[in-house]
Amino acid sequence: MELSLSEIAEVVGGRLVGDGEKRIRDVAPFEAATEDQITFADGAKFLKRIKKSAAGAFVVPLEFEFEDDGSKNLLKVKNPREAFAQIMNRFHPSSVPTPGISPHSVTGRDFRHGQEVSIAPLAYIGDRVTFGDRVVVQPGVVIGNDVVIGDDVLIYSNVTILERCRLGNRVIIHSGTVIGSDGYGFVPHGETYVKIPQIGIVQIDDDVEIGAGNTIDRATFGRTWIQSGVKTDNQVHVGHNVTVGENTVLVAQVVIAGSTTIGKHVIVAGGAAIAGHLTIGDNAIIGPRAGVAKPVPAGQIVSGAPEMPHRQWLKMSRVLPELPEIRRKVRALEKQQQALMDRSNP
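For the structure given in this document, a descriptive report is provided here. (Residues numbered from 1 in each chain as written. Predicted model: local features only at pLDDT ≥ 70, side-chain atom pairs only at ≥ 80, totals over all residues. Heavy atoms only, no water.)

1. Regarding the layout of surface pockets
So, point 1. What the largest pocket holds in volume is close to 490 Å³.
So, point 2. Around the largest pocket, the lining is made up of 18 residues, and of these S95, V96, P97, V136 and L154 lie nearest the centre.
So, point 3. Residue composition of the lining of the largest pocket, grouped by class: ten nonpolar, four polar and four charged. (1 Å grid on protein atoms, 1.4 Å probe; cavity = no way out; pocket = protein on both sides within 12 Å on 5 of 7 lines; lining within 4 Å. Points joined across faces, edges and corners; volume = space filled by probe spheres on them. Nonpolar A, V, L, I, M, F, W, Y, C, P; charged D, E, K, R; others polar.)

2. So, the pattern of salt bridges
So, point 1. All told, the structure shown has 13 salt bridges when counted by the stated rule.
So, point 2. A salt bridge links R128 to D146; the shortest N-O distance between them is 2.8 Å. Here the residue R128 occupies a position in the loop between β11 (124–125) and β12 (130–131), and D146 occupies one in the loop between β14 (142–143) and β15 (148–149), the gap between them amounting to 18 residues.
So, point 3. A relative accessible area of 36% places R128 in the partly exposed class.
So, point 4. D146 sits in the partly exposed class, given a relative accessible area of 25%.
So, point 5. Residues E163 and R218 are paired through a salt bridge, measuring 3.8 Å at the closest nitrogen-oxygen approach. Here the residue E163 occupies a position in the loop between β17 (160–161) and β18 (166–167), and R218 occupies one in the loop between β25 (215–217) and β26 (223–226), the gap between them amounting to 55 residues.
So, point 6. Among the residues examined, E163 registers a relative accessible area of 35% and is labelled partly exposed.
So, point 7. A cluster of three or more residues bridged by salt bridges with shared partners is formed by E2, R23, R25 and D36. (Salt bridge = Lys/Arg side-chain N within 4 Å of Asp/Glu carboxyl O. Helix = DSSP H or I, 4+ residues; strand = E, 2+ residues; numbered from the N terminus. Buried < 20%, exposed > 50% of the residue type's maximum accessible area, 1.4 Å probe, protein only.)

3. Considerations on the sheet that holds strand β6 (residues 57–61)
So, point 1. Taking strand neighbours across the sheet as the criterion, the five strands line up as β2-β7-β6-β5-β4 in an open arrangement whose pairing is mixed. Each of the sheet's edge strands pairs with one partner strand only, and the pair in question is β2 (15–17) and β4 (26–27).
So, point 2. Of the strand pairs in this sheet, strand β5 (residues 37–40) and β6 are connected by three bridges, and their pairing is parallel. Bridge pairing in β6 links F40 to V59.
So, point 3. Against the sheet, helix α1 (residues 5–12) contacts β2, β5, β6 and β7 (74–77), and its axis sits at roughly 10° relative to β7. (Pairing = 2+ DSSP bridges. Contact = heavy atoms within 4.5 Å. Axes fitted to C-alpha atoms, helices over the stretch in contact; angles between N-to-C directions.)

This is the structure in structure tokens:
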């Protein structure tokens, strides 16, 4: 594909400074971009190096002023990363499989689907399943009975979606994820345990993207609810009856125990663990590898295990390496104090 800079500016709604007829053939990272490629620069580290770069054009912040305007082609936008993602999609659009149901797939009784669905070989679809339009199911996918899936859903290979779960529109689920596994519910019975039936569902709303190797447990009763716009990284576990609020981000290896409610626009960083039956307020940020054992108010940033306000955690982290030396000094002071007491009380 080849586009002029004027055409690219129209795609992203940006303001072009430079040669609108310049032809661009691809996108590239800043360090590797050549004269027929476009890249982006949204931080001082890259903006100050534009003059030395060989890239044909740069996507930059609206407020950026280049000291030598005219020598470089600049596409000024409000959010360079978002605009560059749009440009990447134009040069490298996702491949769309040919619609059709493979004769090497298995579909159960009363399977209903909309237009232009694509079901690959070795996929299994249970009884009374309903698909919307343009659903893509890759090889090895297992979909249980009575599942309902909306429009424009992409399910990558070896995903399992178990009975009665609900998926909205424009949902993407990456390989190896399990939706609707049983929640962790057991009652002690002497020296053994009795399983509590898990009879709820998982509901995933519109525009959610679930990473590879996630496990999202069905509710004991009711639903485990992943609300609109949520994005999860790989290897995330969401326990039974959890609610994850709109446009929240769960980074790799996050674990959320049962019946916890995560608010809207929350960021949970990699490796964080959140205990059960808690509420995490809207716009909160949970730091990496944090251990959250109590509710977090809206807008608060917490880190550490156990969790604490982020600034307090930063102060504590700076002190930790000094603890052995502090301990040595404290012991020395204790000895001096004891010696003074011994001299004053012969």
